[in-house]
Structure formats: C-alpha cells, structure tokens
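Summary of structural features
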Amino acid sequence: MKDWSTDSIVPSFVHGAAATEKWATVYKDILNTFAPKGDVAATQASLEQAARENGGA
Amino acid sequence: MEKYDPEQYLMPLDSLYESAGFTKVFPKDLLTLLQYKGHYWGVPSSIHRANVMWYNKKLFADNNHQPPKSWDEFFRVADVFKSKGIIPLVIGTKEGWEAGHTFETILISTLGADGYRGLWNGATKWSDPKVTQALDIFRRLSPYVNSDHSALTWDQALQYLVDNKGAMHIMGDWADGWFTSKSFAGYGWQPVPGTAGIYAPLSSTPTFSRR
C-alpha cells in the first residue's frame, strides 16, 4: 500500500498501540455495552472517566 | 509496551535503529509511535492497517453506487442496500474487541489524525463534541448491521460478503488474506469513510531480553 509512505500515521488503541492495556480493556467494555443500548451521553461520560483514571483528559 | 516493564527486562535498541538506518527509512510518525520513554525497544516485523473498509464489488455495481467516502454517503447507500434486503454493514462482535475497533476508526474520521492522537496523550478531551459525533455515527449504524453479530467472529461475519448478502465491513488489512483463503476475488477496499490520508497501523514487534 503506497499510503504507507505518504499518510499520517495514528496509533490503534484497541490493538494496544496507543495506551495502557488497562485503559484499552475498559474502553472495549464501554463500547460493547454501548452497542446494544445506544446511550450517547452516558457512554461519553464513561469514556471521559476512563480517560481521567488512565492518564487522558 | 508498558506492561513489559522494558527498562527492567528489555534491551534498548537505539544503536540498532541508527546503524541499520531505521531512523532514516521509517516514517517519522511511526518512529514516534515506536518510542517508549525516549528509547526504541522493538522492531516491527509486520505492519497492518486498521482503518480499512471492505466491500462487495458486485453489490455496488448492481446498484450503481460507489463505495462511500463520507458517513453521509455511507448512510445513503446503506438505506438502498437495506431496502433490497442486503445487509449494509456486516460485523462480528463475538471476541469483544471488534466494536472498539470499528469505533476507533470512526473517531479517526471525526477528529482527524492530530485530534485522534490527542485522545491518548491528553491533548484532546473525551468531552469533545467530535467524540459525541463519533458516538452518534456509531449508534446510527445499528439498524444497518447483521442481527446475529454477537454470535459471529469477524471472519464468520465476512462470509455474508462472500455470499453476496452483505455489502461492507470495517476490519484491518488482514481480512485480505482471509478473502484469498476463500478464493473470493469479488471484493474491494478503501479507507473507512472520512479517514482517507490516515494510516492506523498495528504491528507485531519482537523485542530482545536483557538476559
């Protein structure tokens, strides 16, 4: 893929390149809960809390 | 990387990076990703791209549609497929990481490369309206995915594409090998809508023990 040499490169979170394994596990659980419920506000609040507890903002 | 406690157990590979020329030939963004606490601890042996959308060429051709470049286009074409009894977006969520994988590609599309990177280093707040926007897109996907997704792995879900029953799928570029193993050639790929020009990689990265 020629995109490799020209594109911006960003880390994949769910596969462990962006953050701690603990944070990634919490993130995956939040998204799996969100899928059936679809509550945007509650899910965003959970993601914010996970970030605060793991070095994000 | 942090879980390996590299400063205690691993050899820093900075001199190898210099002598082998990795610091010259690897893309700058990748070099940044590979560093932990200012040192290189491993050499990527394979690189995969995460933000890929796979699609069934025949279904798009039969319906005179192009693969969507934006989420607005995605939902328009998804309505067409749905009205014809075709699953617009196939997904398998059995292993627990696939929903998170899909969502991170949507975050990349709404935040862009810099904004998305900032989520993991504190520069972008998770309260950002663009995170809300990504969650909203993710929520809106649900009427367009296969109802049996929680019982399927990603490759089992991809069978819908091979059978001409599903139109699109978001998965890393390892799906390419799976299609080949099924002798299926009727697929195409492009970046996930809204992520052209961004490469979300993951890699297998061997390290070297101090002992």
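Residues numbered from 1 in each chain as written. Chains lettered and ligands numbered in written order. Predicted model: local features only at pLDDT ≥ 70, side-chain atom pairs only at ≥ 80, totals over all residues. Heavy atoms only, no water.

1. Looking at the overall build of chain A
Each helix and strand in chain A was counted, giving three helices and one strand. Ordering the α and β elements of chain A from the N terminus gives α-β-α-α. Within chain A, the fraction of its 57 residues that count as buried is 42%. Of the roughly 2800 Å² that chain A leaves accessible, carbon and sulfur atoms contribute 50%. (Helix = DSSP H or I, 4+ residues; strand = E, 2+ residues; numbered from the N terminus. Buried < 20%, exposed > 50% of the residue type's maximum accessible area, 1.4 Å probe, protein only. Areas by Shrake-Rupley, 256 points an atom, 1.4 Å probe, with all protein chains shown as cover.)

2. Topic: the side chain of Thr 93 of chain B
Residues and elements named next belong to chain B. Along the chain, the position of Thr 93 falls in the loop between β5 (87–89) and α7 (98–121). Under the relative-accessibility criterion, Thr 93 is labelled buried at 14%. Leave out the neighbours within four places in its chain, and Thr 93 touches Glu 98, Ala 99, His 149, Ser 150 and Leu 152. (Contact = heavy atoms within 4.5 Å.)

3. Regarding the packing of aromatic side chains
Across all of its chains, the model carries 18 aromatic pairs over all chains by this definition. Pairing Phe 74 of chain B with Phe 75 of chain B gives two aromatic rings, centres 5.2 Å apart and planes at 85°, and the pair type is edge-to-face. Across the pair, exposure class does not vary: Phe 74 of chain B and Phe 75 of chain B are buried alike. Note on Tyr 116 of chain B and Trp 120 of chain B: the rings are 5.9 Å apart at their centroids and 80° apart in plane angle, and the pair reads as edge-to-face. With Tyr 116 of chain B and Trp 120 of chain B both in helix α7, this residue pair falls four residues apart, about one helical turn. For Trp 120 of chain B, a relative accessible area of 8% corresponds to the buried category. Chaining the aromatic ring pairs together yields one cluster made of Trp 23 and Tyr 27 of chain A together with Tyr 116, Trp 120 and Trp 126 of chain B. Geometry around Tyr 144 of chain B places Lys 82 of chain B over its ring, the cationic atom sitting 5.5 Å from the centre. Over the ring of Phe 75 of chain B we find Arg 140 of chain B, and its NZ or CZ is 3.9 Å from the ring centre. (Phe/Tyr/Trp six-rings, centres within 6.5 Å; stacked < 30°, edge-to-face > 60°. Lys NZ or Arg CZ within 6 Å of the ring centre and 35° of its normal.)

4. What to know about the nonpolar core
Note on soluble globular proteins: their nonpolar side chains tend to be buried together. Among the nonpolar cores identified, the biggest contains 48 residues, and Trp 71, Phe 74, Phe 103, Leu 107, Trp 126 and Met 168 of chain B are the most heavily contacted of them. Going through the elements one at a time, α2 (21–37) and α3 (40–53) of chain A together with β4 (52–56), α5 (57–62), α6 (71–83), α7, α8 (129–141) and β6 (166–170) of chain B are the ones with two or more residues in this core. Once residues lying within four places of it in the same chain are set aside, the contact partners of Phe 103 of chain B are Tyr 27, Leu 31 and Leu 47 of chain A together with Ala 134, Leu 135 and Phe 138 of chain B. Judged by nonpolar contacts, the second largest core, of 15 residues, contains Ile 87, Val 90, Val 162 and Phe 179 of chain B. (Core = buried A, V, L, I, M, F, W, Y, C linked by side-chain atoms within 4.5 Å.)

5. A closer look at the sheet that holds β4 of chain B
Hydrogen bonding along the main chain pairs the strands of a sheet, whether they run parallel or antiparallel. Residue and element names in this part refer to chain B. Strand order across the open sheet formed by four strands is β5-β6-β4-β7, with mixed pairing between neighbours. Sheet topology places β5 and β7 (187–191) at the edges, where each strand pairs with a single neighbour. Geometrically, the sheet is characterised by an average inter-axis angle of 20° between neighbouring strands, direction not taken into account. Packed onto the sheet, α6 meets β4, β5 and β6 and runs at close to 145° relative to β6. (Pairing = 2+ DSSP bridges. Axes fitted to C-alpha atoms, helices over the stretch in contact; angles between N-to-C directions.)

6. Description of the environment of Thr 153 of chain B
Examined against the element boundaries, Thr 153 of chain B turns out to sit in the loop between α8 and α9 (154–162). Considered as a pair, Thr 153 of chain B and Lys 94 of chain B are 59 residues apart in the sequence and their alpha carbons are 5.1 Å apart.

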